[in-house]
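# Chains, contacts and geometry: an overview
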Amino acid sequence: MENIKHRYFELDLARGLVVLLLPFLHVFEVSNAWEFSTPELQQMFSWIECTCIAVPAVFMVVMGMNIAFSGRTDTKSIFRRGVYLLAASYVLNVFRSLAPAVVVCLVSEAADWQSVKESLTYLIAPDIMTFAGMAFLTLAFFTYLNFTKTKMLFVAIVLLAINESLANVEYHCPYLCKVALGSFVWTDDTSFFPLFSWLIFPVYGYFIADHVMNTVPENLRAFWRKLAFVSMVIVTLMWGIIPCLGMDFWLVAVPPLNHYITSPMTVVIDVCAANIVIYLGYELYHWLNLKLFNEQIQAFSVNLNAFYMVHWLIIGAGEFTRLGMGHYGSADIGFICYLVVSVGICVVSAIIAPYFRKYILRPAEEFCR
């Protein structure tokens, strides 16, 4: 995550901290989705889904900035990265859902083949890595057309408006076709990250990266402080306006709570939340004087994709193993179990990630080149 003159360790830190929340968020989401969690856990930790007001937004905004920081902004480089991410996302989905579901059903006497059907849905549903690949391919197309970053932002806004206009459309097609269509526009609650509604996040990051690179490092905190202040004002106004429209602020602001419906209001709030979190990352970096640990921060940052994949492989294996064994609705994951599992997955994923990147992701990247 660097240009010729400077590496943005503060951004590395902000993105790294939000990614570390993913095991806690995803274990809770999986437990809720298949009714593994006890009522007490649901009541105690339902607020954890509210972190999605910023977590995916920060990841995607910084991803867009990283494209500019890398200096590899030609069509060919962006296109190759998109192909790699898209292929990696589907390979990941095979091993985190379909493979464990099939294996369990083949070896278990209490096999529930419904889990295989469910795994096919998650195989093609648009997860954040799927979206990242499609976003890179779209940006490569924009670059091929010689679009300016302002024009890219305008097109992203138009796509968001199109997604919003299709929100109430009923799709009379096979279910898996509807799930696949959800990679582009919202169709149902498996449309986790549709291209049309989420493209604006990396494009926004790509757009503001020029200002970041043209600002001397000493002034970047002031830039993010001003942006965070404006963002806080906007979020505060939205907090007051949305209830007046008869809606719940958190249902609008947090896609998992509203079945992943990402409206223009959601985008405004989540972009503002990302600005605030990034600024807090700058403050935390300087408050803790983390310049002494820049190499460690950088090493942690370059392994984030590996961390993301490893943590999902572990969670997915557990999720579809339990489903394959007929544990749907078991309600046996309580508070202590949740914490132990989440912390354990976080630690194990952080340990394995560097090796996963070295021996699996790097060779795959070289092959794609």
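Okay, so let's go over this structure. Source: prediction; values computed, not measured.

### Some points on the overall build of the protein
- Within the protein, the regular secondary structure consists of 17 helices and zero strands.
- Relative to its length of 369 residues, the protein is compact, with a C-alpha radius of gyration of 20 Å against a globular reference of 21 Å.
- Burial status across the protein gives 51% buried among its 369 residues.
- Taking the intrachain contacts of the protein between residues at least 6 apart in sequence as the baseline, contacts between residues at least 24 apart amount to 79%.
- Of the roughly 17,300 Å² that the protein leaves accessible, carbon and sulfur atoms contribute 68%.
- When the 21 positive and 26 negative side-chain charges of the protein are each reduced to one mean point, those points stand 14 Å apart.

### What about the pattern of salt bridges?
- For the structure on display, the rule yields five salt bridges.
- Taking the shortest distance from any N to any O, the salt bridge between R225 and E283 comes out at 3.3 Å. In this pair, R225 is assigned in helix α12 (residues 217-244) and E283 in helix α14 (residues 264-287), connecting sequence segments 58 residues apart.
- Taking the relative accessible area as the measure of exposure, R225 reaches 37% and is therefore partly exposed.
- Taken together, the salt bridges that share partners define one network made up of R221, R225 and E283.

### Notes on the packing of aromatic side chains
- Scanning the model with the defined rule gives 18 aromatic pairs in all.
- Plain terms: the ring middles of W239 and W250 are 6.0 Å apart, the flat faces sit at 90° to each other, and that makes the pair edge-to-face. With a gap of eleven residues between them, W239 in helix α12 and W250 in helix α13 (residues 249-253) connect regions that are remote in the sequence.
- Here the aromatic cluster, defined as three or more aromatic residues joined through ring pairs, consists of W34, Y122, F192, Y260, F320 and Y328.

### Structural notes on the environment of I276
- Residue placement: I276 occurs in helix α14.
- The exposure class assigned to I276 is buried, which follows from its relative accessible area of 19%.
- When sequence neighbours within four positions are dropped, the list of residues in contact with I276 reads A228, S231 and M232.

### Observations concerning the layout of surface pockets
- When its volume is computed, the second largest pocket comes out at roughly 850 Å³.
- Along its surface, the second largest pocket is lined by 36 residues, and E29, Y122, D189, F192 and Y260 are the ones closest to its centre.
- With seven residues, the top contributor of residues to the lining of the second largest pocket is helix α2 (residues 22-33).
- Residues belonging to the lining of the second largest pocket are distributed by class as follows: 23 nonpolar, six polar and seven charged.

### Regarding the packing of helix α5 (residues 75-107) against helix α16 (residues 304-324)
- Look at α5 against α16: their axes get within 7 Å of each other, and the N-to-C directions meet at 25°. Classified by the interaxial angle, the pair formed by α5 and α16 is roughly parallel. Here α5 and α16 pass one another in a crossing that is right-handed. Between α5 and α16, the residues in contact are R81, A88, L92, F95, R96, S97, P100, A101, V104 and C105 and N305, Y308, M309, W312, L313, G316, A317, F320, T321 and G324, respectively.
- Residues of the contact of α5 with α16, tallied by class, amount to 13 nonpolar, five polar and two charged.

### Let's talk about unusual backbone geometry
- Despite not being glycine, Y260 has its phi angle at roughly 70°, a positive value.
- Structurally, the position occupied by Y260 is in the loop between α13 and α14.
- Relative accessible area serves as the criterion here: at 15%, Y260 is assigned to the buried category.

### A look at helix α8 (residues 149-165)
- Counted at 1.5 Å a residue, the expected span for α8 with its 17 residues is 24 Å, and the 25 Å between its end C-alpha atoms agrees.
- Turning to α8, its buried residues number three or more, namely K149, M152, L153, A156, L159, L160 and N163. Relative to the axis of α8, the buried residues are bounded by an arc of 120° and lie together on one face. The outward face of α8, more than 90 degrees from its buried face, is lined by the exposed residues T150, F154 and S165.
- Elements in contact with the buried residues of α8: α4 (55-70), α7 (128-144), α10 (195-198), α11 (200-213) and α14.

### Thoughts on empty space enclosed by the protein
- Tallying each qualifying case throughout the model produces one cavity of 30 Å³ or more.
- Space inside the largest cavity adds up to approximately 40 Å³.
- Lining the largest cavity are N163, E164, A167, W186, I261, T262 and S263.

### A look at α11
- Here α11 spans 20 Å end to end across 14 residues, near enough to the 20 Å set by a 1.5 Å rise per residue.
- Along α11, the sharpest change in direction is near 25° and occurs at F207.
- Extensive coverage of α11 is indicated by the burial of ten of its 14 residues.
- Inspection of α11 places I200, F201, P202, V203, Y204, G205, Y206, I208, A209 and V212 among the buried residues, and these make up the whole buried set.
- Buried residues along α11 sit in contact with α4, α7, α8, α10, α12 and α14.

Parameters and conventions
- Residues numbered from 1 in each chain as written.
- Predicted model: local features only at pLDDT ≥ 70, side-chain atom pairs only at ≥ 80, totals over all residues.
- Heavy atoms only, no water.
- Helix = DSSP H or I, 4+ residues; strand = E, 2+ residues; numbered from the N terminus.
- Rg over C-alpha atoms; globule rule 2.2 N^0.38 Å.
- Buried < 20%, exposed > 50% of the residue type's maximum accessible area, 1.4 Å probe, protein only.
- Contact = heavy atoms within 4.5 Å.
- Areas by Shrake-Rupley, 256 points an atom, 1.4 Å probe, with all protein chains shown as cover.
- Lys, Arg positive; Asp, Glu negative; His and termini not counted.
- Charge placed at Lys NZ, Arg CZ, Asp CG, Glu CD.
- Salt bridge = Lys/Arg side-chain N within 4 Å of Asp/Glu carboxyl O.
- Phe/Tyr/Trp six-rings, centres within 6.5 Å; stacked < 30°, edge-to-face > 60°.
- 1 Å grid on protein atoms, 1.4 Å probe; cavity = no way out; pocket = protein on both sides within 12 Å on 5 of 7 lines; lining within 4 Å.
- Points joined across faces, edges and corners; volume = space filled by probe spheres on them.
- Nonpolar A, V, L, I, M, F, W, Y, C, P; charged D, E, K, R; others polar.
- Axes fitted to C-alpha atoms, helices over the stretch in contact; angles between N-to-C directions.
- Parallel < 35°, antiparallel > 145°, perpendicular 65-115°, else oblique.
- Left-handed = near helix turned anticlockwise from the far one by under 90°.
- Expected span 1.5 Å × (residues − 1).
- Arc of directions from axis to C-beta.
- Bend = angle between axes of the 7 residues up to and from the residue.

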